[in-house]
Amino acid sequence: MNKNIFLLILGFFFIAIGFNGVQQYITSYFSYIGFINVGFNSLILIYLFFVLFTPLASIFISKFGAKKSMIMGSIVYSLFIISLLTKNIFLIYTFSILLGVASSMLWTGHGVYLIRASEKSSFGKNAGSFVSIFFFSSAIGIFILGLLIEKVSFTLPFIIFSILPLFGFLLFFELKDIKSQNVKNRFLLVKKSMKNITALKLSSVWFSQSFVFGLSLGLIPLTIKNVLGSSYISILLPLFYIMPTLFSYFFGKSSDQKGRGKIIYLSYALGISGLISLYLSTKLSLVIGVVLLALSLASIKIITLALPGDISEDHNLDFLTGLFWVIQNIGVLGALILSRFIQSNAAYLISLIIMLLSLGILLSVFKTNFSREKFQEIKLKLSEQIK
């Protein structure tokens, strides 16, 4: 692993401990202070403005570089956590909006930087390293913050955790500034990316991943409680962090060596089988479903990070990455909104349909042929259409 990839992963390690730890307890915190709906509204604002500003983030990254984008985005994570402690709804909503904008800068920048700082032969391996450490640090943050809240309530732990993203902010200054080649009309390239049929079809991978896991994970704890009992929630839900931590590097390295197609087929097979098992909701099928869906998460995350490098050229990487993040967060928003109305096993059926449709669309693009030659063909096609 080269120095820049190491620093990138380490920076997100601290951001994940701090922010993902707090994010897990946002709804509990607002329930504790008597603002039950504020947590949900805050999440909607974050993802809404993430979607709205990602096209502008891709323009910024194309002009000034992913390094500057990540530096600017990472600082807001600490400010958002501090805003929660003010208990001022206007301020909380304001920083939720700012965090949505900052997230578009941070995550679009991350996707672009990971590809530009990697050799072509190591997209999957580096993506796997990132996913493994990111989920590991998220689990650490959630576990430690939970222990602290239990002992001293919310205020002091939130203050401590607001400091951690600052380490990521500082580490990003040490990254090499890798910029894209100069392009003339960035707004035109954004428009071409957003309207490109091939790119939109490919983005179904990002949509299905975010929608399926957003909608299903909201229901899974309830299903576990009803079928197995509340005590099993703390046993089964951590698998969604353990599996990516243990297997993402393996999936990523395998995708570099054996081809991305095998991991694509594997991730969809695991996800579809997992959703069917969860829908059946027997004791055994529930456990099997959680394990399969967690493994699917570990593998599909590799695809969403490595695929932009396989299908883009330097001049359109920023804009295609921006498109994929827009579609992914539309999936999250859709899952958040639907989860308010659907709290039954019908959610698993909807998720299953979304995943099957996504696989069908992806196969129509690749003509069921995930060879390296087919990836190169799509790359050349997009290069001609988005320039």
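The coordinates are above.
Read on for a plain summary of the structure.

Quick notes on the rules
Residues numbered from 1 in each chain as written. Predicted model: local features only at pLDDT ≥ 70, side-chain atom pairs only at ≥ 80, totals over all residues. Heavy atoms only, no water. Helix = DSSP H or I, 4+ residues; strand = E, 2+ residues; numbered from the N terminus. Rg over C-alpha atoms; globule rule 2.2 N^0.38 Å. Buried < 20%, exposed > 50% of the residue type's maximum accessible area, 1.4 Å probe, protein only. Contact = heavy atoms within 4.5 Å. Areas by Shrake-Rupley, 256 points an atom, 1.4 Å probe, with all protein chains shown as cover. Lys, Arg positive; Asp, Glu negative; His and termini not counted. Charge placed at Lys NZ, Arg CZ, Asp CG, Glu CD. Patch = residues over 30% accessible without salt bridge, like charges linked within 9 Å, V, L, I, M, F, W, Y side chains within 5 Å. Salt bridge = Lys/Arg side-chain N within 4 Å of Asp/Glu carboxyl O. Axes fitted to C-alpha atoms, helices over the stretch in contact; angles between N-to-C directions. Parallel < 35°, antiparallel > 145°, perpendicular 65-115°, else oblique. Left-handed = near helix turned anticlockwise from the far one by under 90°. 1 Å grid on protein atoms, 1.4 Å probe; cavity = no way out; pocket = protein on both sides within 12 Å on 5 of 7 lines; lining within 4 Å. Points joined across faces, edges and corners; volume = space filled by probe spheres on them. Nonpolar A, V, L, I, M, F, W, Y, C, P; charged D, E, K, R; others polar. Expected span 1.5 Å × (residues − 1). Polar contact = N/O pair within 3.5 Å; in protein donor to acceptor, adjacent residues only side chain to side chain. Phe/Tyr/Trp six-rings, centres within 6.5 Å; stacked < 30°, edge-to-face > 60°.

### A look at the overall build of the protein chain
Per the secondary structure count, the protein chain includes 17 helices and zero strands. The C-alpha atoms of the protein chain give 20 Å as radius of gyration, which agrees with the globular expectation for 387 residues (21 Å, within 12%). Structurally, the protein chain occupies a C-alpha span of about 55 × 45 × 35 Å along its principal axes. For the protein chain, buried positions account for 59% of its 387 residues. Sequence separation of at least 24 residues holds for 85% of the intrachain contacts in the protein chain that already meet a minimum separation of 6. Of the roughly 16100 Å² of accessible surface on the protein chain, 68% is carried by carbon and sulfur atoms. If you average the places of the 31 positive and of the 12 negative side-chain charges in the protein chain, the two averages end up 6 Å apart.

### Focus on a nonpolar patch on the surface
Side chains of Ile82, Val152, Leu156, Ile159 and Ile160 sit close together on the surface and give an oily, nonpolar patch of about 390 Å² of accessible area. With three residues, helix H7 (residues 155-172) is the single largest residue contributor to the nonpolar patch. Counting through the fold element by element, isoleucine 160 comes out in helix H7. With relative accessibility at 37%, the residue isoleucine 160 sits in the partly exposed group.

### Details of the packing of helix H1 (residues 3-23) against helix H4 (residues 66-86)
One can describe the packing of H1 onto H4 by two numbers: an axis separation of 10 Å at closest approach and a directional angle of 20 degrees. It follows that H1 is roughly parallel to H4 by the angle criterion. The two elements H1 and H4 meet at a crossing, and its hand is left-handed. Residues Leu8, Phe12, Ile15, Gly18, Phe19 and Val22 of H1 form the contact with H4, whose participating residues are Met70, Ser74, Tyr77, Phe80, Ile81 and Leu84.

### Structural notes on the pattern of salt bridges
Note that side chains of opposite charge can pair when their charged atoms are close. Inspection of the entire model under this criterion finds seven salt bridges. For aspartate 256, the salt bridge identified is with arginine 260, shortest N-O distance 3.0 Å. Aspartate 256 sits in the buried class, given a relative accessible area of 13%. One salt-bridge network, in which partners are shared between bridges, spans Arg116, Asp314 and Asp318.

### Overview of the layout of surface pockets
In this structure, the second largest pocket occupies an estimated 520 Å³ of space. Around the second largest pocket sit 23 residues that line it, and Lys120, Phe123, Gly309, Asp310 and Lys379 are the ones nearest its centre. Taken together, the elements giving at least two residues each to the lining of the second largest pocket come down to helix H5 (89-116), helix H12 (239-258), helix H14 (283-311) and helix H17 (372-385). Residue contributions to the lining of the second largest pocket peak at four residues, all from H17. Across the lining of the second largest pocket, the residue classes break down as five nonpolar, eight polar and ten charged.

### Regarding helix H13 (residues 260-280)
Relative to the 30 Å expected for 21 residues at 1.5 Å per residue, H13 spans 31 Å between its end C-alpha atoms, a close match to the ideal helical length. Immediately beyond the C-terminal end of H13, within one or two residues, lies serine 281, with a positive phi of roughly 55 degrees.

### Some thoughts on the side chain of arginine 260
Relative to the helices and strands, arginine 260 resides in helix H13. The class of arginine 260 is buried, set by a relative accessible area of 7%. Side-chain polar atoms of arginine 260 contact the side chain of serine 255, separated by 2.7 Å.

### Description of the packing of aromatic side chains
Under the criterion given, the structure shown has 28 aromatic pairs. Summarising the aromatic geometry, the rings of phenylalanine 60 and phenylalanine 64 are spaced 4.9 Å apart at their centres and angled 40 degrees between planes, so their arrangement reads as tilted. Of the two residues, phenylalanine 60 and phenylalanine 64 both sit in helix H3 (residues 36-64), four residues apart, roughly one turn of that helix. Arranged with centres 5.0 Å apart and planes meeting at 90 degrees, the rings of tyrosine 265 and phenylalanine 370 form a pair that is edge-to-face. With tyrosine 265 in helix H13 and phenylalanine 370 in the loop between helix H16 (346-366) and H17, the pair connects residues that are 105 residues apart, well separated along the chain. Classification of phenylalanine 370 as buried rests on a relative accessible area of 10%. Through pairs of rings, three or more aromatic residues link up here, namely Phe12, Phe50, Trp107, Phe130, Phe134, Phe135, Phe172, Tyr241 and Trp325.

Read these as layout, nothing more, since geometry by itself doesn't imply function.
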